[in-house]
Each structure stands twice: as C-alpha cells, then as structure tokens.
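Analysis of the macromolecular model
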Amino acid sequence: MGRVVTLVTGPIVGLNSTNFLDMTIAFASKLGIKITAFNIFDEIIELANRDIKTDLDEIEFIGSLLDGYEYMFKSEREKAYYSIERKISALPQDVNVLIRIPASIEWRGVNYILKDHKIIAEIIKPDRIVTLIDAEWKIMERLEKGINKENLRLIAHQDSLTIEKILQWLGSEVSVSEDWAEWCNTLGGKKVKHIVLGLSCPMKDNRSEYALDVENMTKIASQPDLLSFYSSYSMTVATEEVRMEINSLIWKLREYGVVIDPASIEIGTNIDKKYESVVFAYTVCRDLRWDVQKVDIVAAFHPYKQMPPLSTGMMDELGHARAYQKERYLVLPSGGESPFTKDNYVPAEHIFKSGDKFFEFIEEKRKPSLKPRFNKITNEFSKCQKDYKI
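What counts, and at which threshold
Residues numbered from 1 in each chain as written. Predicted model: local features only at pLDDT ≥ 70, side-chain atom pairs only at ≥ 80, totals over all residues. Heavy atoms only, no water. Helix = DSSP H or I, 4+ residues; strand = E, 2+ residues; numbered from the N terminus. Rg over C-alpha atoms; globule rule 2.2 N^0.38 Å. Buried < 20%, exposed > 50% of the residue type's maximum accessible area, 1.4 Å probe, protein only. Axes fitted to C-alpha atoms, helices over the stretch in contact; angles between N-to-C directions. Parallel < 35°, antiparallel > 145°, perpendicular 65-115°, else oblique. Contact = heavy atoms within 4.5 Å. Nonpolar A, V, L, I, M, F, W, Y, C, P; charged D, E, K, R; others polar. Pairing = 2+ DSSP bridges. Core = buried A, V, L, I, M, F, W, Y, C linked by side-chain atoms within 4.5 Å. Patch = residues over 30% accessible without salt bridge, like charges linked within 9 Å, V, L, I, M, F, W, Y side chains within 5 Å. Areas by Shrake-Rupley, 256 points an atom, 1.4 Å probe, with all protein chains shown as cover. Salt bridge = Lys/Arg side-chain N within 4 Å of Asp/Glu carboxyl O. Phe/Tyr/Trp six-rings, centres within 6.5 Å; stacked < 30°, edge-to-face > 60°.

A short note on the overall build of the chain
Scanning the chain from terminus to terminus reveals 14 helices and 14 strands. A compact globule built from 390 residues should have a C-alpha radius of gyration of about 21 Å, and the chain, at 21 Å, falls within 12% of that. Seen through its principal axes, the chain has C-alpha atoms that stretch 65 × 50 × 40 Å. By the burial criterion, 54% of the 390 residues in the chain qualify as buried.

If you want it as structure tokens, here you go:
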C-alpha cells in the first residue's frame, strides 16, 4: 500500500489543530499505522534559521511574515513546499504524510488568501485535502481567552472576532481548499478529494459529550481507497431511545469509511438573535454543500417503528443527494411505501426496515459490496475514546 499525502487546511488560530494532528498520529501508531506531519510555518522558520524558543516567538514570526511584503511571504512558502517535498521523498513508502497549512488567514480585517494552488498541484501532489472546522461558538470561546487570544492579536491584529467573521473565515478555508483540489485534479491528472471534517464527534455512549475525531482523521490520513458517508437523521425530534439507535448505526457505519456526522458541529444553545440568521444559513450551507455534495454515499436513519415524525432537514438532505446524484439509502421501518419516498428520494431497493437489513445489503447485494474494513480502527477508538474527550 502506497503512501497517502494529505493537505490539512483550516483557520490558523482557534482550532488547536496541532494538538489534534499530534493526537491522531499517536492514535494511529497504536494500530501500527505510520503518519508524520509537516507544518508550512515550521518549515519556513527552519529554512530562515530563526531561533524560535517559544510558541509566542513563533506566532510573532508568523505575524511578521503577514506584515511584510506579500511577494516575500509567497517566496518563503514556495521554498518551504520544495523543502517538504524533498523530506517526503526521503521517507519510507509506508509513512503517510500530513501537511498543515491554512488556506486563508484573517489579517487586519482582511481575509488573506494563500494562492498556492499551482505549486501544491505540481510539487506536493496531495492525494486528498481535508479542511478542519468546528462550531463557530467553540472557536469564539477559544479566541476569547489564553494563548488563542494572544495569537489572534499578533496574527490578525484584532482582539476578538464576531460570529459572522468566524463563519466567513471558515467559508473561505473551504472555498480556497476546493479550488486547490480542482487545480490538483487539472494539473496533476488524478482525482483529489476534498473533505470537510469536524474536529470532534459525539462520543459513543453519550452523544452529549465530545471527543477529538482521531478515528476519522486516521482513515483520511492513511487509507488510499476510502469511501465517505454522510449520516442524515433528525437532529431535533428524536426520542432518547431513537438517538441511541441512530448513534449505534453511525458507529457501525464508521467501519466502512469516513463518516460525516452533522452533530459534530453543534449549534449553540443560546444563539444571539442578531447572529441567528447567518448561523442558520451557514448550517444549511455546510450540511448540503460541504457535506452532502462532497461525500460518496448518504445514509439516512429514521428508525421510528410507528408514525415517523417529519424531519425537514433529513428530507432536504436526501433531495440534495438526489440532485447531486449521490448513492442514497434510507432506514425507515414505517412509512417507506409513499410514492414520494421510494424511487423518488431513494431507490425502492434502498429502503430498509432496520439497520441490520441496510448493512446486510451493502455487504452482500451492493455492487461492489462493502465490507467493514476499518473495524479495527473504529473498535480501538471506541475503547479509548475518553482519552480524547474535550
């Protein structure tokens, strides 16, 4: 199995992404999966032979790059890409690579776009690009205290960011990363998939608690042949019993590929009314355009035995999946006979009375069949998930 090279984008502050990638590498190593990481700014610092002793020194140096001449900053990045490529070439073929770089940087009220698509496509030649995101209110909380607040001041020259500004930054990261992937497709001649991944996920036994999603990230970083799923379900009307059943299905689905769970990005419980409209619009955009549009398969779970309640979100997701010509499945014990459901939202043979029937179908009747290839990774994550609790 050849090496997988993954470009990791996302805001430079407010995510604590370095810790997340370090935790992913440590988790993968327990399974015998080798992953190493490079950071574009660490590479620039090394090439500049700068004496950086603390995290604060590093942030001040990055700030100086942004405050300097744009062409010099671009030149420094290009030299760093070439240096990283040489280091990757020297690695054993069984070592997978993560390269951390933001696609844009908030700076003096301007969203500074890194137009590095050509050199990324021609020199780095990534296999996939993943954009890390998190709930906007969680990012805001991080930026309002401690080292994150100081980092924001030194890089962006701002003491705080509004919810709207954070959402714009996240949107920019996704948009530019999409462009990079398209350029890699065009110049590199191979399909480069772009994935938008939440930093954390609901825990297996308690969906109200969250853990860093090192399981999904390990699969993204190491598996060349990888399907992606979007798990569609009602976020608002489910009973506790149904929530537990849905969670069980999602965790089973993880054994077959990357699973994008909409609950990974929580909507804040006390949204300021002045931000409600933009947060709701962002949520719809994220679920439909960043998730449903990008995955290979949409699996909808609505496991009510009687009188399934209306879930407008799930139906809209299935409608968009149909429009995007995605493979679609629906677990619906009751109500699946409607002409507006079978052979409309989903093919008639893709509606199942239970989750067991769904998994039986994809393992035995789907062409090609899917097998739970990643059960070792998923099982290990379920056993040690508390180690990654946030």
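Concerning unusual backbone geometry
Following lysine 367, the chain continues to proline 368 via a peptide bond in cis, the omega torsion being -5°. Take proline 368: it is sitting in the loop between α13 (355-364) and α14 (375-384). Not every positive phi belongs to a glycine, and histidine 157 is a case in point at roughly 60°. One can find histidine 157 in the loop between α7 (146-156) and α8 (163-188).

Re the packing of helix α2 (residues 40-47) against helix α4 (residues 70-89)
Contact pair α2 / α4: the axes reach a minimum separation of 9 Å and the direction vectors enclose 95°. When the axes of α2 and α4 are compared, the pair comes out roughly perpendicular. Contact with α2, carried on its side by Ile40, Phe41, Glu43, Ile44, Glu46 and Leu47, involves Phe73, Glu76, Arg77, Lys79, Ala80, Tyr81, Ser83, Ile84 and Lys87 of α4 and no other residues of that element. Broken down by class, the residue content of the contact of α2 with α4 amounts to eight nonpolar, one polar and six charged.

Thoughts on the pairing of strand β3 (residues 95-100)
The element β3 is extensively covered by neighbouring structure, given that six of its six residues are classed as buried. Relative to β3, strand β1 (residues 5-9) runs parallel, the two sharing four bridges. Following the sheet pairing, leucine 7 is matched in β3 by isoleucine 99. Pairing of strand β2 (residues 34-39) with β3 involves six bridges; the strand directions are parallel. Among the inter-strand pairings, threonine 36 is bridged to a residue of β3, identified as valine 97.

Some details on the side chain of glutamate 215
Its place among the elements puts glutamate 215 in helix α9 (residues 214-222). Once residues within four sequence positions are removed from consideration, glutamate 215 is found in contact with Phe27, Arg254, Ile377, Thr378 and Phe381.

Looking at the nonpolar core
Among the nonpolar cores identified, the biggest contains 103 residues, and Leu132, Trp180 and Met217 are the most heavily contacted of them. The element contributing the most residues to this core is α8, with ten residues. Residues contacting tryptophan 180, with those up to four places away along its chain left out, are Leu7, Thr9, Ile101, Pro102, Ala103, Leu114, Asp116, His117, Ile120 and Ile129. In this structure, Ile250, Ile297, Ala299 and Tyr329 belong to the second largest nonpolar core, which totals 23 residues.

Considering a nonpolar patch on the surface
Where nonpolar side chains cluster on the molecular surface, the patch consists of Tyr69, Tyr71 and Met72 and spans about 390 Å² of accessible area. Position of methionine 72 among the secondary structure elements: in helix α4. Look at methionine 72 and you get partly exposed, because its relative accessible area is 42%.

Some thoughts on the sheet that holds strand β14 (residues 351-352)
Reading across from one edge, β11-β10-β12-β13-β14 is the order of the five strands in this open sheet, with parallel pairing throughout. The two strands at the open ends of the sheet, each matched to only one other strand, are β11 (258-260) and β14. Of the pairings in the sheet, the one linking strand β10 (residues 228-233) to β11 comprises three bridges and is parallel in character. By the bridge assignment for β11, phenylalanine 229 is matched with valine 259.

Describing the packing of aromatic side chains
In total, this model carries 16 aromatic pairs according to the counting rule given. For the pair phenylalanine 27 and tyrosine 388, a centre-to-centre distance of 5.9 Å together with 90° between the ring planes defines the contact as edge-to-face. In this pair, phenylalanine 27 is assigned in helix α1 (residues 17-30) and tyrosine 388 in the segment after α14, connecting sequence segments 361 residues apart. Each member of the pair, phenylalanine 27 together with tyrosine 388, is buried. Each ring, one from phenylalanine 381 and one from tyrosine 388, has its centre 6.3 Å from the other, and the planes form 50°; the classification is tilted. Here the two residues phenylalanine 381 and tyrosine 388 agree in accessibility, since each one is buried.

Quick look at the pairing of strand β5 (residues 110-113)
Looking down a regular strand, the side chains alternate between one sheet face and the other. Sheet topology note: the strand β4 (residues 104-107)/β5 ladder contains four bridges and is antiparallel. Directly across from isoleucine 105, in β5, lies its bridge partner tyrosine 112. Two successive antiparallel strands, β4 and β5, enclose a turn made up of two residues, where arginine 108 displays a positive phi of approximately 50°.

Things to note about the side chain of serine 228
If you trace the backbone, serine 228 turns up in strand β10. Sequence-distant contacts of serine 228, that is, excluding residues within four places in its chain, are made with Lys193, Val258, Lys294, Val295, Asp296 and Ile297.

Points about the pattern of salt bridges
Inspection of every chain in the model, using the stated rule, returns 25 salt bridges. The salt bridge partner of lysine 34 is aspartate 94, with a shortest N-O separation of 2.9 Å. Taken together, the residues span a long stretch of sequence, with lysine 34 in strand β2 and aspartate 94 in the loop between α4 and β3 at a distance of 60 residues. We classify lysine 34 as partly exposed; its relative accessible area is 43%. Here glutamate 215 makes a salt bridge to arginine 254, at a shortest N to O gap of 2.5 Å. Of this pair, glutamate 215 sits in helix α9 while arginine 254 sits in the loop between α10 (240-253) and β11; the two residues are 39 residues apart in sequence, bridging distant segments of the chain. Across this residue pair, the class does not change: glutamate 215 and arginine 254 are buried. Here the residues in one salt-bridge network are Asp213, Glu215, Lys219 and Arg254, joined through shared partners.

It is worth stressing that arrangement in space is one thing and function is another; only the former is reported here.
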